[in-house]
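Analysis of the macromolecular model
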Amino acid sequence: MPLGQRAGDKSDSRYCGVETEFDYDMPHVLTGNLSAGFDFIVAPLVDPSYRPTSVGIDSRETSLLPVAASDLILSPSQWSSHIVGKVSSWIDLDSEDELLRLDSEITLKQEIAWASHMSLQACLLPPPKNSCCGNYARCVNQILQGTNNMQLWLRIPLEKSEPMDDDSVNADYNNLNGKMFDSWESWNSFRLLCEHHTQLCVALEILSSLPSVSSLGRWFGEPVRAAILQTNSFLTNARGYPCLSKRHQKLISGFFNHSIQIVISGTSLHNVSPEVSGDLIMGDNGNNFEGVTVRHALKPYLDYVAYLYQRMDPLPEQERFELGYRDFLQSPLQPLMDNLEAQTYETFEKDTVKYSQYQKAISKALLDMVPDEQASTTVKVLMVVGAGRGPLVRASLQAAEETGRKLKVYAVEKNPNAVITLHSLIKLEGWESFVTIISSDMRCWHAPEKADILVSELLGSFGDNELSPECLDGAQRFLKPDGISIPSSYTSFIQPITASKLYNDVKSHKDLAHFETAYVVKLHRVARLAPCQPVFTFAHPNFSSTKSNQRYKKLRFEIPSDTGSALVHGFAGYFDATLYKDVHLGIEPLIATPNMFSWFPIFFPLRKPICVSTASSIEVHFWRCCGATKVWYEWCVTSPSPSAIHNPNGRSYWVGL
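Attention now goes to the overall build of the chain. Counting its regular elements, the chain contains 16 helices and 26 strands. Oriented by its inertia axes, the alpha-carbon framework of the chain measures out at about 95 × 55 × 50 Å. By residue count, 56% of the 657 residues in the chain fall in the buried class. When contacts within the chain are restricted to residue pairs at least 6 apart in sequence, those whose partners lie at least 24 apart make up 77%. As displayed, the chain offers around 28,200 Å² of accessible surface, 52% of which is attributable to carbon and sulfur atoms.

If you want it as structure tokens, here you go:
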């Protein structure tokens, strides 16, 4: 049964499994573990003593595989929903012993074929035996080319030797051939050999000691499907029950938030008093004991994992709204080339936080421009350029009412469909006497008078990627010399990320253009490898005679030394805007406006992921280029290894003027 109820969470992380030993009585093992509260078992499918060569070379192809159970013993739904196959742990496909290597290759293919025959959703592969795993990866890659839906989970121990670790014994244990050991590098080598195959995933084995926070963070950008929690990683509380350290608890919570399932593994190491219950008679590994009714030996560990899940806060309303957008690539809007649809307007208009910030900025601007003694006699001209269906018009008038100032408002909108809605709104609210609707592109309109305040919401996920600079440059001709632009400035930011899922989604299109396109995406399964740095800044109004909206920036990101090596799949982009004075709006993670959902980050992919070694840096170049009919970005990496320059001349992705 699920670990518990958490409002808004429908992910796989609600289900907990248990690793069992080989048993020919698979139905009993399954029933006993399900009755104890586990949702699935990770079980060997073939007798671990089986070796193909033991049945004779000539008969190998026709010998009967000693499987745990016939596919008829359980129903198809039981096989697919409650059992993850476990490939024999003895296999070593890179062994120098040719007989062992041959046996391993045959056994791997036979066991995966049997699991596929039973329509299992996943199979757990043993970890690579050493740093050289070329033949193992080759055989797995061959299998992946022929599988349909079954995932292969590569078991990877969560280990990384830390040079400053006080635990010298642990450091020595992790020291391999005089080099610092990092299990992430084993995984990275394996998945690169398998070309980032989408059905190759990770099952992280959680041990009693954990690497640094930065090192752990890398895994949240990888396709981790399960976390195998060893019983020896648990501590003991005052009552003798198993519990986890604070660091382990935080890690498990992170797994819950990333749809990663927990699997309990090992024998019971806690002397918890047996309780008579309705649970079936089960030992540590699912074996039954005749005539005695005791609780499942691993039930206390399951109860503790359930406790951790149940004490998590419910998913906030905003995150529930965004669930369907997580790691879903969307093309950015083309607001000048295309007219937005009613549904798009409606989504943006629900973002009350954004319009509250705009109202606050307009209120401050009005108070600064109009002294209290002139409030009843002075009328300020405010122009909303890109008025849409009117939310900024409403925010402006509410600011005027709040401050006791008078406004004359021009609402300029190029979308004729939105203009119809604007007229209806003005009539409905009775604003005809002080709101004038202009159906025109702001760059072409000739204003009858100058504006004191120019208000716009032309910002994109990267700040300037929806052509706010070009639009406001064209509109500022009808702003007074001492007029105020809201926003007054905005800056874009980027940071390198590991994003295996996003990379695979782009790669699935099998063309160059998609790797040279920037995507709007609600980032979720990503690892942020270094803090954000600013890229391009634009300020308004800009009365400079030599102004240009072309930009170039070179940035160097330092990966924290305790992270270890990492794979950069691309760059996440954000923005932060100053609306007026201290009123800001943005999505840069450290200073993001809370509870605002109008903008998701932007993702700039790399055609070939860049591997950054321990304590290294990554140097990236970004260009914002302007032509007669379009604006586009180009980007590349020059260190630690050079990439191609992406999107030269805007050949794949641009924003039309």
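Scanning the model with the defined rule gives 27 salt bridges in all. Across the pair Lys354 and Glu457 runs a salt bridge, and its minimum N-O distance is 3.0 Å. Pair noted here: Lys354 is in helix H12 (residues 352–369) and Glu457 is in the loop between strand E14 (451–456) and helix H15 (468–475), with a separation of 103 residues, a long-range link. Neither Lys354 nor Glu457 differs from the other in exposure class; each is buried. Residues Asp582 and Lys364 are paired through a salt bridge, measuring 2.6 Å at the closest nitrogen-oxygen approach. Residue Asp582 is found in the loop between strand E21 (566–580) and strand E22 (583–586), and its partner Lys364 is found in helix H12; the two are separated by 218 residues along the sequence. Under the relative-accessibility criterion, Lys364 is labelled partly exposed at 29%. When salt bridges that share partners are traced, they join Glu19, Lys86, Arg155 and Glu205 into one network.

What follows covers the side chain of Ser88. With respect to the helices and strands, Ser88 occurs in the loop between strand E3 (83–86) and helix H3 (98–117). A distance of 2.6 Å separates polar atoms of two side chains, one belonging to Ser88 and the other to Glu111. In this structure, Ser88 is in contact with Val46, Pro48, Thr107, Glu111 and Pro126, ignoring residues within four places of it in sequence.

Turning to the sheet that holds strand E26 (residues 655–656), a few remarks are in order. Strand order across the open sheet formed by four strands is E20-E24-E25-E26, with antiparallel pairing between neighbours. Here the strands that pair on one side only, and so sit at the sheet edges, are strand E20 (551–558) and E26. Relative to strand E24 (residues 617–626), E20 is paired through eight bridges, and the arrangement is antiparallel. Bridge assignment links Phe557 to a residue of E24, and that residue is Ile618.

What follows deals with empty space enclosed by the protein. Evaluation of the coordinates by the stated rule reveals two cavities of 30 Å³ or more. In this structure, the largest cavity occupies an estimated 50 Å³ of space. The wall of the largest cavity is formed by Ile91, Asp92, Leu93, Asp94, Pro127, Pro128, Lys129, Asn130, Cys132 and Tyr136. Looking at the lining of the largest cavity residue by residue, the class counts come to six nonpolar, one polar and three charged. Size it by volume and the second largest cavity reaches roughly 40 Å³. Lining the second largest cavity are Trp187, Arg191, His196, His197, Leu200, Pro223, Ser500 and Asn504. Breaking the lining of the second largest cavity down by element, the ones donating at least two residues are helix H6 (183–193) and helix H16 (500–507).

Turning our attention to the sheet that holds strand E10 (residues 261–265). The parallel closed barrel is built from eight strands, whose spatial order is E1-E2-E3-E4-E5-E6-E7-E10. Strand-to-strand, the axes of this sheet are offset by a mean angle of 30°, without reference to chain direction. Sitting on the sheet, helix H1 (residues 26–35) is in contact with strand E1 (16–19), strand E2 (40–44) and E3, with an inclination near 150° to E2. Against the sheet, helix H4 (residues 134–146) engages strand E4 (122–125), strand E5 (151–157) and strand E6 (200–206), with an angle of about 155° to E5.

Another point: the pairing of strand E16 (residues 489–498). Among the 10 residues that make up E16, nine are buried, leaving the element largely enclosed by the rest of the structure. In terms of strand pairing, E16 meets strand E19 (residues 533–539) through five bridges, oriented antiparallel. When the sheet's bridge partners are listed, Ile494 is paired in E19 with Gln533.

Let us look at H1. Of all the positions in H1, only Met26, Val29, Leu30, Gly32 and Asn33 are classed as buried. Buried residues of H1, viewed axially, fall in a sector of 170°; they line one side. Looking at the buried side of H1, the elements it contacts are E1, E2, helix H2 (76–82) and E3. Just beyond H1, the residue with positive phi is Gly37, at close to 115°.

Inspection of the secondary structure puts Val42 in strand E2. Overall, Val42 belongs to the buried group, its relative accessible area being 3%. Along the backbone, Val42 and Asn148 are 106 residues apart, and their C-alpha atoms lie at a distance of 20 Å. Contact partners of Val42, with chain neighbours within four places excluded, come to Val18, Glu19, Thr20, Val84, Lys86, Leu124 and Val263.

Let us look at H3. With 20 residues, H3 extends 29 Å from end C-alpha to end C-alpha; this agrees with the ideal 28 Å at 1.5 Å per step. Looking at H3, one finds that the buried residues are Asp103, Ser104, Glu105, Ile106, Thr107, Leu108, Glu111, Ile112, Trp114 and Ala115. For H3, the side-chain oxygen to backbone nitrogen distance between the N-cap and Leu99 is 3.0 Å, and the N-cap itself is Asp97. Looking one or two residues beyond H3, the residue adopting positive phi is Ser119, at roughly 60°.

Attention now moves to the confidence of the model for the chain. Considering every residue of the chain, the mean pLDDT works out to 90; 93% of them sit at 70 or more. Contacts of residues 164–178 to residues separated by more than four positions or lying in other chains number 11 contacts, the stretch itself having pLDDT below 50.

The next thing to look at is the packing of helix H8 (residues 246–257) against helix H9 (residues 299–310). The N-to-C vectors of H8 and H9 enclose an angle of 70°; their axes lie 10 Å apart at closest approach. The orientation of H8 with respect to H9, classified from their angle, is roughly perpendicular. Between H8 and H9 the crossing geometry is right-handed. Residues Gln249, Ile252 and Phe256 of H8 pack against Tyr304, Val305, Leu308 and Tyr309 of H9. Residue composition of the contact of H8 with H9, by class: six nonpolar, one polar and no charged.

By rolling a water-sized probe across the atoms, one finds the places where empty space is left. Of the voids in this model, the largest pocket is the one considered here, and its volume is about 1,400 Å³. Lining the largest pocket are 49 residues, and of these His258, His524, Val526, Arg528 and Pro589 lie nearest its centre. Those elements that provide at least two residues to the lining of the largest pocket are helix H7 (213–217), H8, helix H10 (317–322) and strand E18 (527–528). With five residues, H8 is the single largest residue contributor to the lining of the largest pocket. Considering only residue class, the lining of the largest pocket consists of 26 nonpolar, 12 polar and 11 charged. Estimates place the volume of the second largest pocket at around 1,000 Å³. For the lining of the second largest pocket, the secondary structure elements donating two or more residues are helix H11 (342–349), H12 and strand E12 (406–413). With six residues, the single largest contributor to the lining of the second largest pocket is H11. Broken down by class, the residue content of the lining of the second largest pocket amounts to 22 nonpolar, 13 polar and nine charged.

Quick notes on the rules
Residues numbered from 1 in each chain as written. Predicted model: local features only at pLDDT ≥ 70, side-chain atom pairs only at ≥ 80, totals over all residues. Heavy atoms only, no water. Helix = DSSP H or I, 4+ residues; strand = E, 2+ residues; numbered from the N terminus. Buried < 20%, exposed > 50% of the residue type's maximum accessible area, 1.4 Å probe, protein only. Contact = heavy atoms within 4.5 Å. Areas by Shrake-Rupley, 256 points an atom, 1.4 Å probe, with all protein chains shown as cover. Salt bridge = Lys/Arg side-chain N within 4 Å of Asp/Glu carboxyl O. Polar contact = N/O pair within 3.5 Å; in protein donor to acceptor, adjacent residues only side chain to side chain. Pairing = 2+ DSSP bridges. 1 Å grid on protein atoms, 1.4 Å probe; cavity = no way out; pocket = protein on both sides within 12 Å on 5 of 7 lines; lining within 4 Å. Points joined across faces, edges and corners; volume = space filled by probe spheres on them. Nonpolar A, V, L, I, M, F, W, Y, C, P; charged D, E, K, R; others polar. Axes fitted to C-alpha atoms, helices over the stretch in contact; angles between N-to-C directions. Arc of directions from axis to C-beta. Expected span 1.5 Å × (residues − 1). pLDDT = per-residue confidence, 0-100. Parallel < 35°, antiparallel > 145°, perpendicular 65-115°, else oblique. Left-handed = near helix turned anticlockwise from the far one by under 90°.

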